[in-house]
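Descriptive analysis of the structure
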Amino acid sequence: MANDPVGPGDRAALVLFSGGQDSATCLAWALDRFDHVETLGFDYGQRHRVELDRRAALRAGTTALDPAWAARLGDDHTLALDALGQVSETALTREAAIGYEASGLPNTFVPGRNLVFLTFAAALAYRRGLRHVVGGMCETDYSGYPDCRDDTIKALQVALNLGMERRFVLHTPLMWLDKAQTWELAESLGGRALVDLIVEESHTCYLGERGQRHPWGYGCGTCPACRLRADGYARFTAA
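The shown structure was predicted, so the numbers you read here are calculated from the model rather than taken from an experiment.

On to the UniProt feature "binding site: ATP" (unreviewed entry) in the protein chain, then. The sites that UniProt annotates as "binding site: ATP" (unreviewed entry) are F17, S18, G19, G20, Q21, D22, S23, A24, T25, C26 and L27. In this fold, G20 is placed in the loop between strand 1 (12–16) and helix 1 (21–31). A relative accessible area of 6% places G20 in the buried class. Those residues within four positions of G20 in sequence are excluded, and the remaining contacts are S202 and H203. Those residues in contact with S23 that sit more than four places away from it in its chain are V15, L16, F17 and S18.

Structure (structure tokens):
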């Protein structure tokens, strides 16, 4: 993790970069808009930790698509948030069948995850002199997660700005897009080459399965994340 702030913050962004389809699309979106972009990944004991292993290939592949993007991409950071996994008895942080809780929420919901992620991201952005924070939260295809809602992100932006005495801007470019539209956004940003990169290198499967290759990428093909990605890709390619 680098130590020196980069500045100027108004033209610099930090992307929450998990190694999945959404965060890979957000990285391209940020590189297309900001002069300097850094990335941040979190290790919280997730069952699909293999996603973190995809980050380096995605970063390298994305910058290879455009010399301007390569010049804009800065440091990568990773933070260990073991405590989040320790307090989260969910199907994403332990071996359990994926289903629904009595509340109606999916048991893949990790309580507070995006709130914690964005708070730590803002703290890092504060130190690094970055004003813009970009995340792949989406209310259209969000699996019922309340911390993906637009109202949640807006409320957190207010709290972070008050609590840190800064003017952070939280960007969620996928908020109102379904998965087919997310694939379309990737194509509009980096052409078919970016779509192919995301298919081949990103990871979405909740079970961490990378043994089977599907037209839309690797995964078990049956978990909610795989089904959502597969359906979106089918509608994208059929359009």
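Spatially, the five strands line up as an open sheet ordered 3-2-1-4-5, and their pairing is parallel. At either margin of the open sheet sits one strand with a lone partner, and together these are strand 3 (73–80) and strand 5 (169–171). Each neighbouring strand pair of the sheet contributes to a mean axis angle of 25 degrees, computed without reference to strand direction. By the bridge criterion, three bridges tie strand 4 (residues 132–134) to strand 5 in an arrangement that is parallel. Bridged to V134 within strand 5 is H171. Seen against the sheet, helix 1 touches strand 1, strand 2 (36–43), strand 3, strand 4 and strand 5 and runs at an angle of roughly 175 degrees to strand 1.

Moving on to unusual backbone geometry. Despite not being glycine, E165 shows a phi value in the positive range, around 55 degrees. Within the secondary structure, E165 sits in the loop between helix 7 (150–164) and strand 5.

By the criterion of burial, strand 2 is predominantly enclosed, with seven of the eight residues buried. Bridging between strand 1 and strand 2 involves five bridges; their strand directions are parallel. Counterpart to A12 in the pairing with strand 2 is H36. For the handedness criterion, the β-α-β arrangement of strand 1, helix 1 and strand 2 is classed as right-handed. Pairing geometry for strand 2 and strand 3, over six bridges, is parallel. Bridged to L40 within strand 3 is H77.

When the UniProt feature table is mapped onto this chain, "binding site: Zn(2+)" (unreviewed entry) is found at C205, C220, C223 and C226. Sequence-wise these annotated residues cover 22 residues; spatially they are packed, their C-alpha atoms never more than 6.8 Å apart. Of note, C220 is situated in the loop between strand 7 (217–218) and helix 9 (224–238). Here C220 is in contact with C205, L207, E209, H214 and C226, once residues within four sequence places are set aside.

We now examine the side chain of H214. Among the secondary structure elements, H214 is positioned in strand 6 (residues 213–214). By relative accessible area, which is 14% here, H214 ends up buried. Apart from residues lying up to four places away in sequence, H214 is in contact with G219, C220 and G221.

Conventions we followed
Residues numbered from 1 in each chain as written. Predicted model: local features only at pLDDT ≥ 70, side-chain atom pairs only at ≥ 80, totals over all residues. Heavy atoms only, no water. UniProt positions renumbered as here; feature names shortened; annotations may be inferred. Helix = DSSP H or I, 4+ residues; strand = E, 2+ residues; numbered from the N terminus. Buried < 20%, exposed > 50% of the residue type's maximum accessible area, 1.4 Å probe, protein only. Contact = heavy atoms within 4.5 Å. Pairing = 2+ DSSP bridges. Axes fitted to C-alpha atoms, helices over the stretch in contact; angles between N-to-C directions. Right-handed = clockwise from strand over helix to strand, strands pointing away.

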